[in-house]
Amino acid sequence: MDIIETAKLEEHMENQTNDPTNTYTRPAEPVEEENKNGNGKPKSLPNGLRKGTKKYPDYIQIAMPNESRNKFPLEWWKTGIAFVYALFNLVLTTVMITVVHERVPPKEISPPLPDKFFDYIDRVKWAFSVSEINGIILVGLWITQWLFLRYKSIVGRRFFFIIGTLYLYRCITMYVTTLPVPGMHFQCAPKLNGDSQAKVQRILRLISGGGLSITGSHILCGDFLFSGHTVVLTLTYLFIKEYSPRHFWWYHLICWLLSAAGIICILVAHEHYTVDVIVAYYITTRLFWWYHAMANEKVSALKCYLFWEAFPDSCALCLVLGWNYSSPSLCFPRLGVCPWRNRNLKVSSQTNFLSRAWWFPIFYFFEKNVQGSIPCCFSWPLSWPPGCFKSSCKKYSRVQKIGEDNEKST
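Residues numbered from 1 in each chain as written. Predicted model: local features only at pLDDT ≥ 70, side-chain atom pairs only at ≥ 80, totals over all residues. Heavy atoms only, no water.

With respect to the state of the cysteines
For clarity, the threshold we go by: The definition used for a disulfide is geometric: two cysteine sulfur atoms within 2.5 Å. Helical segments are the DSSP runs of H or I of at least four residues, strand segments are the runs of E of at least two, and each set is numbered from the N terminus. Only protein chains enter the accessibility calculation, which uses a 1.4 Å probe; a residue whose area is less than 20% of its type maximum is buried, one above 50% is exposed, and one in between is partly exposed.
Within this structure, the stated rule accounts for one disulfide. Covalent S-S linkage joins Cys-188 and Cys-221, the inter-sulfur distance amounting to 1.8 Å. The sign of the S-S torsion, about -95 degrees, decides the handedness of the disulfide formed by Cys-188 and Cys-221: left-handed. You can see Cys-188 sitting in the loop between helix H7 (152-176) and helix H8 (196-208) and its partner Cys-221 sitting in the loop between H8 and helix H9 (228-242), a full 33 residues away along the chain. For Cys-188, a relative accessible area of 33% gives the class partly exposed. The structure places no disulfide on Cys-377, whose sulfur is separated from the nearest cysteine sulfur, that of Cys-376, by 6.9 Å.

Structure follows, in structure tokens:
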């Protein structure tokens, strides 16, 4: 009986393959594999399901073709869009600081708010300069590391999008809630009271100096909730650690110490309230982790085995080995099979709550062609000699290459 059922199964699968109306075809198996298996029997099923094929001979195998496209396309034009997005939000932040500065109450009328950290730690004048120097060092290390990354375009647009979004959030928070200065040591610039030309000059001065106190450009008050220095110190460390070899523990430790010391020095200098630093750290880390949890999803093909005559009302015996992002769901009305829902974080669905974020369409636009986690690979920023000086290489087929190798050997 087993031989008869196996013969029926092979006959049924052959009819499915030869049927022109069936759009799904079983991928051909190499001849060597057929000889090893004997009589050309399919070897694509796991061992646990071979008994099921004998019991339920009416069996259909649906196989999606493997994609041969590049898993990590560079797409520099998307990186350019992300850079413009980040640059726009950074400029918007300087404009918002200038606007909020006009609303900050004088420290004589509205004294600093109570802060527990300030109650126990006295102010150190030079601490804020240390924080900014640490930030400059981390930014320099990150830019140098980024230049040597092989997939710098993908990593670059991730960095630009995240820092642009963080500063957009910062614009909103500092505008809706204006806090008094954290200490009586603040020397805020005088208010302009509607002088638009002077405001433009302040914006340009703030941009040219990078908003740093050591450059003399940070003379405005009101940009307290939340701390932009904490955002830069935290985000640069996260990117440095994520896109560097795991065995560089000493490099990660040095960057972590620079970041942690810089954040602590912000509080020691009494330049920000403690809540400003906590909120900045929380928003930065969560946005970084959420984005990379979604971006690191891997693309694979779908292969599903449907025993549709034995189970006509459901997909009870469906072995899913992967998924293709281009098909969020599949439905087989002729077979009476319910659709299989995609639960991938890169695809918007009812079960993917991260897809409800407002920035998910932007994320999908940037990451839809990136297939999985980016490997930690490095390359020279500029190749030498340039491509225009290199001699043109002929493209040979594999047969031609073997033929040339044989001629050289003889």
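Having put the structure on the table, let's press on.
Quick notes on the side chain of Lys-346
Where we set the bar: Counted charges follow a simple rule, with Lys and Arg positive, Asp and Glu negative, and His plus the chain ends left uncounted. Salt bridge criterion: a side-chain nitrogen from Lys or Arg within 4 Å of a carboxyl oxygen from Asp or Glu. Whenever two N or O atoms come within 3.5 Å, that pair is a polar contact, provided that in protein one can donate a hydrogen and the other can accept it, and provided that, for residues adjacent in sequence, both atoms are side-chain atoms.
Inspection of the secondary structure puts Lys-346 in the loop between strand S4 (337-341) and helix H12 (360-367). With no salt bridge to any partner, buried Lys-346 finds its closest opposite charge in Glu-367, at an N-O distance of 4.9 Å. At a separation of 3.0 Å, a polar atom in the side chain of Lys-346 contacts the main-chain carbonyl oxygen of Glu-367. Engagement of the side chain of Lys-346 in a polar contact is seen with the backbone oxygen of Val-370, the distance being 2.4 Å.

A few points about a nonpolar patch on the surface
Put simply, the rule reads: In this analysis, a patch consists of residues with relative accessible area above 30% that form no salt bridge, clustered at 9 Å for like charges and at 5 Å for the nonpolar side chains Val, Leu, Ile, Met, Phe, Trp and Tyr. Per-residue accessibility takes into account occlusion by the displayed protein chains alone, with areas from the Shrake-Rupley method and a 1.4 Å probe.
Judged by side-chain polarity, Phe-83, Val-84, Leu-87, Val-91, Val-95, Val-99, Ile-172, Tyr-175, Val-176, Val-200, Leu-204 and Ile-207 come together as a nonpolar surface patch covering roughly 1000 Å² of accessible area. Elements that contribute at least two residues to the nonpolar patch include exactly helix H4 (76-101), H7 and H8. Top contributing element to the nonpolar patch by residue count: H4, with six residues. Within the fold, Ile-172 resides in helix H7.

A look at the packing of helix H6 (residues 127-147) against H9
Each pair of packed helices can be summarised by the angle the axes make with each other and by the distance between the axes. Worth spelling out the cut-off: Angles run from 0 to 180 degrees between N-to-C directions of axes, and those axes are lines fitted to C-alpha atoms, restricted for helices to the stretch in contact. Crossing chirality is assigned from the near helix's rotation relative to the far helix, an anticlockwise turn below a right angle marking it left-handed and a clockwise turn marking it right-handed. Residue contacts are defined here by distance: any two heavy atoms, one from each residue, within 4.5 Å place the two residues in contact. Residues are grouped as follows: nonpolar covers Ala, Val, Leu, Ile, Met, Phe, Trp, Tyr, Cys and Pro; charged covers Asp, Glu, Lys and Arg; every other residue, Gly included, is treated as polar.
In contact at an axis separation of 9 Å, H6 and H9 are set at 35 degrees when each is read in the N-to-C sense. Along this stretch, H6 crosses H9, giving a crossing that reads as left-handed. For the pair H6 and H9, the contacting residues are Phe-128, Ser-131, Glu-132, Asn-134, Gly-135, Leu-138, Val-139, Leu-141, Trp-142 and Gln-145 in the first and His-229, Val-232, Leu-233, Thr-236, Phe-239 and Ile-240 in the second. Residues belonging to the contact of H6 with H9 are distributed by class as follows: nine nonpolar, six polar and one charged.

Some points on the nonpolar core
For the record, the criterion: In these notes, a set of buried Ala, Val, Leu, Ile, Met, Phe, Trp, Tyr and Cys residues joined through side-chain atoms within 4.5 Å is what counts as a nonpolar core.
Core analysis: the largest hydrophobic core is formed by 67 residues, its most contacted members being Trp-142, Val-155, Ile-162, Leu-235, Phe-239 and Tyr-291. Ranked by the residues each element gives to this core, the list is headed by H7, at eleven residues. Among all residues touching Leu-235, those that are not within four sequence positions of it are Phe-159, Ile-162, Ile-163, Leu-166, Thr-284 and Phe-288.

Some points on H4
Here is the rule: To estimate how far a helix should reach, multiply one less than its number of residues by 1.5 Å.
When the terminal C-alpha atoms of H4 are compared, their 38 Å separation across 26 residues agrees well with the 38 Å that a helix rising 1.5 Å per residue should span. Buried residues of H4: Lys-78, Thr-79, Ala-82, Ala-86, Asn-89, Thr-93, Thr-94, Met-96, Ile-97, Thr-98, Val-100 and His-101, and no others. For H4, the secondary structure elements touched by its buried residues are H7, H8 and H12.

Focus: the pattern of salt bridges
All told, the structure shown has five salt bridges when counted by the stated rule. With a closest N to O distance of 3.4 Å, Lys-78 and Glu-75 form a salt bridge. Where Glu-367 meets Arg-158, a salt bridge forms, and the shortest distance between an N and an O atom there is 2.9 Å. Residue Glu-367 is found in helix H12, and its partner Arg-158 is found in helix H7; the two are separated by 209 residues along the sequence. Here Glu-367 and Arg-158 have matching classes, each one buried. The network of salt bridges with shared partners includes Glu-75, Lys-78 and Arg-157.

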